[in-house]
Amino acid sequence: MVPLPNILCRWFTENKRDLPWRQDKNPYHIWLSEIMLQQTRVEAVIPYYERFLAACPTVHDLAALEEQKLLKLWEGLGYYSRARNLQKAACILCEQYGGIFPADFHALHSLPGIGDYTAGAIGSIAFGLPVPAVDGNVLRVMARLSGDSRPIDDPKVKKDITMQVQQLLPAGQSGDFNQALMELGATVCLPHGAPKCQSCPAASLCTAFQQGTALSLPARTPKKPRKIQQRTILLLHCQGKIAVRRRPAKGLLAGLWELPAYEGVLSPDALRQALAQDGFSVREILSLRPAKHIFTHIEWHMAGYDIALNACPDGFTWATPHELRGAYALPSAFRPFLQTLEDNPDGL
Ligand code: SF4
């Protein structure tokens, strides 16, 4: 039987998509594309990649680029720390390596924003280093090929699968084999129960296909339910202004502006009491429609009140509705309550 690496390398040579970063083996091009492809689809990345390379054809150009221009080139891709890390790494490459990528896995791995996968991709594709490059696509393909029902988000399982790929790497073709696994995952062995097994070059060697388990693999650790936090959001009005404050420098929405709030969902009576205890001179209170906001691990279930005050207490920043829209970008969690201002800018 023809071994898996030979089958996949041949399939990759004949079927790989024609992508701009596959025109050569320049490590800068491979690096840039891999960073852009994190969290972003191939079709969306292509125009960004081309625009970025036109503006920064070399690592030296990237290192010297003004930050605002860098962020503008990245605008719309999100996860801006990726762009900042690219530039930090470019500066290190220029300062310590004369602008030339080191052909060494550990040296690549030590650069900002480059982890196991990206170091493996650059090392194997650009330099032919015998190192694996295991991303989510590869974990899925490997779990199905070997019929591995362990959760692929378990670090120990990921380590095991990485070792398996390492042992399969064909001499002199590590880059093609890594890319073949990624390409198979991106175009044939698709996620969400949609593998195209009938057109898969590896079907004859695939345990999941033979056992009919492809649709149920890979397994994942069940997600913990989100923590629910109840809050009472205060839209405090005073002399045509609204109270905002900064969130703590660490934790959820760190350092961003927010509307003041009490923990828990307070009834109008309980709220009156709490406000009186805290020294607020309340003229009028109006209940707002409750709202919910979902973060990655937390849900806020919120009551809201529009509160007119007779005097503006210290301890807040007071902003006009116009300033709130422009200068004090508030997280979208508060949008349902700020909508009240759009409907009635003067408040109560
Ligand atoms: Fe994936 Fe099906 Fe190919 Fe197995 S046969 S690797 S499950 S596409």
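Just so we're clear, the structure is a prediction, and the values are computed from it rather than from any experiment. (Residues numbered from 1 in each chain as written. Predicted model: local features only at pLDDT ≥ 70, side-chain atom pairs only at ≥ 80, totals over all residues. Heavy atoms only, no water.)

**Focus on the overall build of the chain**
Next, step 1: Counting secondary structure elements, the chain contains 15 helices and 7 strands.
Next, step 2: Expected size for 348 residues packed as a compact globule is a radius of gyration near 20 Å; at 27 Å, the chain overshoots this value by more than 25%.
Next, step 3: The buried share of the chain, reckoned over its 348 residues, is 46%.
Next, step 4: Within the chain, counting contacts between residues at least 6 apart in sequence, those at least 24 apart form 66% of the total.
Next, step 5: Charge separation in the chain, taken as the distance between the mean sites of 36 positive and 32 negative side-chain charges, equals 4 Å. (Helix = DSSP H or I, 4+ residues; strand = E, 2+ residues; numbered from the N terminus. Rg over C-alpha atoms; globule rule 2.2 N^0.38 Å. Buried < 20%, exposed > 50% of the residue type's maximum accessible area, 1.4 Å probe, protein only. Contact = heavy atoms within 4.5 Å. Lys, Arg positive; Asp, Glu negative; His and termini not counted. Charge placed at Lys NZ, Arg CZ, Asp CG, Glu CD.)

**Considerations on the site of the ligand**
Next, step 1: Close to the ligand lie R144, L145, C189, P195, C197, C200, A203, C206, F209 and A214.
Next, step 2: By residue class, the composition of the shell around the ligand is 9 nonpolar, no polar and 1 charged. (Near = heavy atom within 4 Å. Nonpolar A, V, L, I, M, F, W, Y, C, P; charged D, E, K, R; others polar.)

**What to know about the environment of I285**
Next, step 1: Inspection of the secondary structure puts I285 in strand β5 (residues 282–294).
Next, step 2: Exposure remark for I285: the relative accessible area of 15% places this residue in the buried category.

**Topic: the pairing of strand β6 (residues 298–309)**
The side chains of a regular strand alternate between the sheet's two faces.
Next, step 1: In terms of burial, β6 is largely enclosed, as 11 of its 12 residues are buried.
Next, step 2: Across 11 bridges, strand β1 (residues 227–238) lies against β6 in parallel orientation. Within β6, the residue paired with R231 across the bridge is M302.
Next, step 3: In the sheet, β5 pairs with β6 via 10 bridges, with the strands oriented antiparallel. When the sheet's bridge partners are listed, I285 is paired in β6 with I307.
Next, step 4: Here β5 folds back onto β6 in antiparallel fashion, the turn holding 3 residues. (Pairing = 2+ DSSP bridges.)

**Concerning the packing of aromatic side chains**
Next, step 1: One pass over the structure, following the stated rule, counts 8 aromatic pairs.
Next, step 2: Ring geometry for F280 against F316: centres 6.2 Å apart, planes inclined by 40 degrees, an arrangement best described as tilted. Placement of F280 in the loop between α13 (268–277) and β5 and of F316 in the loop between β6 and β7 (317–319) is noted, with a sequence separation of 36 residues between them.
Next, step 3: Exposure remark for F280: the relative accessible area of 16% places this residue in the buried category.
Next, step 4: With centroids separated by 5.0 Å and ring planes inclined at 75 degrees, the aromatic side chains of F295 and W300 adopt a geometry described as edge-to-face.
Next, step 5: Accessibility expressed as a relative area gives 13% for F295, which makes it buried.
Next, step 6: Cluster of aromatic residues (ring-pair linked, three or more members): Y28, W31 and F101.
Next, step 7: Here the basic side chain of R51 rests over the ring of Y48, its NZ or CZ set 4.9 Å away from the ring centre.
Next, step 8: A cation over a ring is seen here: R231 above W300, with NZ or CZ 4.2 Å from the ring centre. (Phe/Tyr/Trp six-rings, centres within 6.5 Å; stacked < 30°, edge-to-face > 60°. Lys NZ or Arg CZ within 6 Å of the ring centre and 35° of its normal.)

**Quick notes on the state of the cysteines**
Next, step 1: Scanning all chains against the criterion turns up 1 disulfide.
Next, step 2: Sulfur-sulfur distance for the disulfide between C238 and C312 comes to 2.2 Å. In this structure the cystine formed by C238 and C312 twists about its S-S bond by roughly -95 degrees; its chirality is therefore left-handed. In this pair, C238 sits in strand β1 while C312 sits in the loop between β6 and β7, placing the two residues 74 residues apart along the sequence.
Next, step 3: Residue classification places C238 among the buried residues on the basis of a relative accessible area of 1%.
Next, step 4: Not part of a disulfide, C94 finds its nearest cysteine sulfur in C91, a span of 6.7 Å. (Disulfide = S-S within 2.5 Å.)

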